[in-house]
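These are the residues of each chain, in order.
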Amino acid sequence: MDPCIPLPIPDDQLEDLVDKAKDYALMHGICMRQKDNFDRDALHFAPFVLFPTPFPRDEYRKSVELQTVLNELMHKVAHDYDFLKETLNHTIKVDEFTGRLWNIYETIMGEGGPTQLLSLGMLRSDIMLDQHCCCTCGSCSPERECEKSGKSFCSWKQVELNTIASGFGWLGPASGLLHRYVVAEAGHSELLKDIPDNGALEGLAGGLVEAWKIYNKPKSAILFLVEDVTYNVCDQKFHEFEIRKQCPEVFVIRKTLTELANRAQLNQDKSLWIDGHEVGVVYMRCGYHPDQYPTEKEWEARLLMERSLAIKCPSINYHLAGTKKVQQELAKPGQVEKFLGYKAQIESVRDIFTGLYSLDHDEAGDKSYDAAIANPDRFVLKPQREGGGNNVYGEDIKPFLENIKDSEERNAYILMDRIQPPVTTNYMVRPGQEAKLVNVISELGIFGYVIGDKNRIITNKQVGQMLRTKLSHVDEGGVAAGLGALDSVYLVDAGSCCST
């Protein structure tokens, strides 16, 4: 797809715009701490692309409108014990981390269910445009073929749905602010109307405040559960600042799992306390990776938290609902229908699924295994992990799978059709490097939040978006992991190759 303005631009203009953009980022908190030269008192601007990336207007609108449906779907999935148990039955036996999470869930259910019936789900649905949906490459199934193939895209497909520590609620909208400034400085103010507003920060902070008000104890705090060392600190702190802006009477406290293990306790009424503060809401920005549980103490802290009266974001069942295995199961015929009642909703959700396949030791899993060995470039191999850097791609898939062919470890992975997004060009700007004109692809994340219990949904909202962009030849693209760059959406009128 063509960039929003003709590229390249003259060197003197490029140098001027890059300097201005860097200063804007530094002075507006669009920053991170460096991993390779950590200094608690120093920030560097987060990597970004200089101009917003084109995204088809109609596809953007569809993704925004669908988010509340996805919120409802995941809320119902998270509260269906039998579905989660059946879906994760094989996975929890071979994936130790998911197994430990499941044991906590079983413990809570065995004690009569959660003390706090309400959950706060702050979700992000990650999607990519796919120009490969209708394909004449010869290796795709017949239903994906189309004589009109070759347009810039066909439709968007879901990469994953995040239910824990869904980041960039600040850096997403901040990227749009940066791009509005850069585009205007470049003399293209006429483009500003097509950079959509982004209320992700206000919306997500509002969800935390709403949950705190439902907890209804004015002296309670919102606990941010954070890593021992936080690199993506601005994204977290701006949530904290926005909470205080919306509700000055609530305090935010930041604690690690280890601190929780050493100093937290439950009172007789199951209220959670630490350092003299009652916790009304727990917002987890860590706890999604095995490395964040270095000892048994951290696991005990997670169980203590789940036993408490505090409203969790996410609760343990929501965490499990976000595993790749659950997403693969939902892609099977007839599964979404168990949770959504309207035909239009069901069809709209099913339309966004790309191919997701089990690798279990059964006929279907063996068929998926053989397909991946024969055409590894068509797939992505995914474990039950969040945080980036965990997937296996392309030619690396074949030796990896051959190594676990007869192992039960195969059950811990799923296979996904590799999405083929359109390529555009942009300048990528990184700390300590010259800006480079490169070919890039992008991934859009749509934010939403939902509050409710097993029997009802109190609030269900779509609140904003974020866009990450990476080099077109790079597999992983996490900005916090140092693999991608911040970006924002520039809406264009572009038709797909199919009417759908």
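Preceding this section is the structure that the text describes.
Residues numbered from 1 in each chain as written. Predicted model: local features only at pLDDT ≥ 70, side-chain atom pairs only at ≥ 80, totals over all residues. Heavy atoms only, no water.

Student: Explain helix α5 (residues 96–110) to me, using residue names and the numbers behind them.
Tutor: In this model, α5 (15 residues) spans 20 Å end to end at C-alpha, consistent with the 21 Å of a helix rising 1.5 Å per residue. Tucked inside the fold, the buried residues of α5 contact α2 (57–78), α3 (81–88), α4 (91–94), α10 (296–307) and α11 (316–321). Directly after α5, the chain includes G112, whose backbone phi takes a positive value near 105°. (Helix = DSSP H or I, 4+ residues; strand = E, 2+ residues; numbered from the N terminus. Expected span 1.5 Å × (residues − 1). Contact = heavy atoms within 4.5 Å.)

Student: Can you lay out the sheet that holds strand β16 (residues 414–417) for me, pointing to particular residues and giving the numbers?
Tutor: Ordered by their spatial adjacency, 4 strands build an open sheet running β13-β16-β14-β15, and the pairing between neighbours is antiparallel. The sheet terminates laterally at β13 (356–358) and β15 (392–393), the two strands that pair on one side only. Across 4 bridges, the pairing between strand β14 (residues 379–382) and β16 is antiparallel. Bridging across to β16, V380 finds its partner in M416. With respect to the sheet, helix α14 (residues 363–374) is in contact with β13, β14 and β16, its orientation differing from that of β13 by roughly 120°. (Pairing = 2+ DSSP bridges. Axes fitted to C-alpha atoms, helices over the stretch in contact; angles between N-to-C directions.)

Student: A description of the packing of aromatic side chains should follow, citing residues and the corresponding values.
Tutor: Tallying each qualifying case throughout the model produces 15 aromatic pairs. Judged by centre distance (5.0 Å) and plane angle (85°), the ring pair of F224 and Y283 falls under edge-to-face. Here Y283 lies in strand β11 (residues 277–284) and F224 lies in strand β7 (residues 221–225), a separation of 59 residues in the sequence. As far as burial versus exposure is concerned, F224 and Y283 are alike and both buried. On the basis of an interplanar angle of 15° and a centroid distance of 4.0 Å, the ring pair of Y293 and W299 is categorised as stacked. Under the relative-accessibility criterion, W299 is labelled buried at 9%. Linked through ring pairs, Y81, W102 and Y105 together constitute an aromatic cluster. The lysine or arginine in question, R244, covers the ring of F251, its NZ or CZ lying 4.5 Å from the ring centre. (Phe/Tyr/Trp six-rings, centres within 6.5 Å; stacked < 30°, edge-to-face > 60°. Buried < 20%, exposed > 50% of the residue type's maximum accessible area, 1.4 Å probe, protein only. Lys NZ or Arg CZ within 6 Å of the ring centre and 35° of its normal.)

Student: Report on the environment of I253, specifying residues and quantitative values.
Tutor: Considering the arrangement of structural elements, one finds I253 in strand β8 (residues 251–255). It is 21 Å that separates the C-alpha atoms of I253 and L118, two residues lying 135 residues apart in sequence. For I253, the residues in contact, after removing those within four places along its chain, are A221, I222, L223, F224, I274, H277 and V279.

Student: If you had to explain unusual backbone geometry to someone new, which residues and values would you point to?
Tutor: The omega torsion across L7 and P8 is 5°, close enough to zero to call that bond cis. Inspection of the secondary structure assignment puts P8 in the segment before α1 (11–27). Between C313 and the following residue, P314, the backbone shows a cis peptide bond with an omega angle of 5°. Note that P314 resides in the loop between β12 (311–313) and α11. Despite not being glycine, A165 shows a phi value in the positive range, around 50°. Note that A165 resides in the loop between β6 (155–162) and α6 (171–185). The backbone of K270 sits at a positive phi, close to 75°, despite the residue not being glycine. Turning to its location among the elements, K270 is positioned in the loop between β9 (265–266) and β10 (272–274).

Student: Describe the pattern of salt bridges, and please don't skip the residues or the numbers.
Tutor: Using the criterion set out here, one finds 30 salt bridges in the structure. The shortest N-O distance in the salt bridge between R61 and E65 comes to 3.3 Å. Highlighted residues: R61 and E65, both in helix α2, separated by 4 residues, approximately one helical turn. On the basis of relative accessible area, R61 is assigned to the partly exposed category, the value being 38%. For R302, the salt bridge identified is with E306, shortest N-O distance 3.3 Å. One end of the pair, R302, and the other, E306, are both in helix α10, 4 residues apart, so they sit about a helical turn from each other. As far as the burial class goes, R302 and E306 line up, both buried. Several salt bridges converge on common partners, so that one network encompasses R57, K193, D194 and D493. (Salt bridge = Lys/Arg side-chain N within 4 Å of Asp/Glu carboxyl O.)

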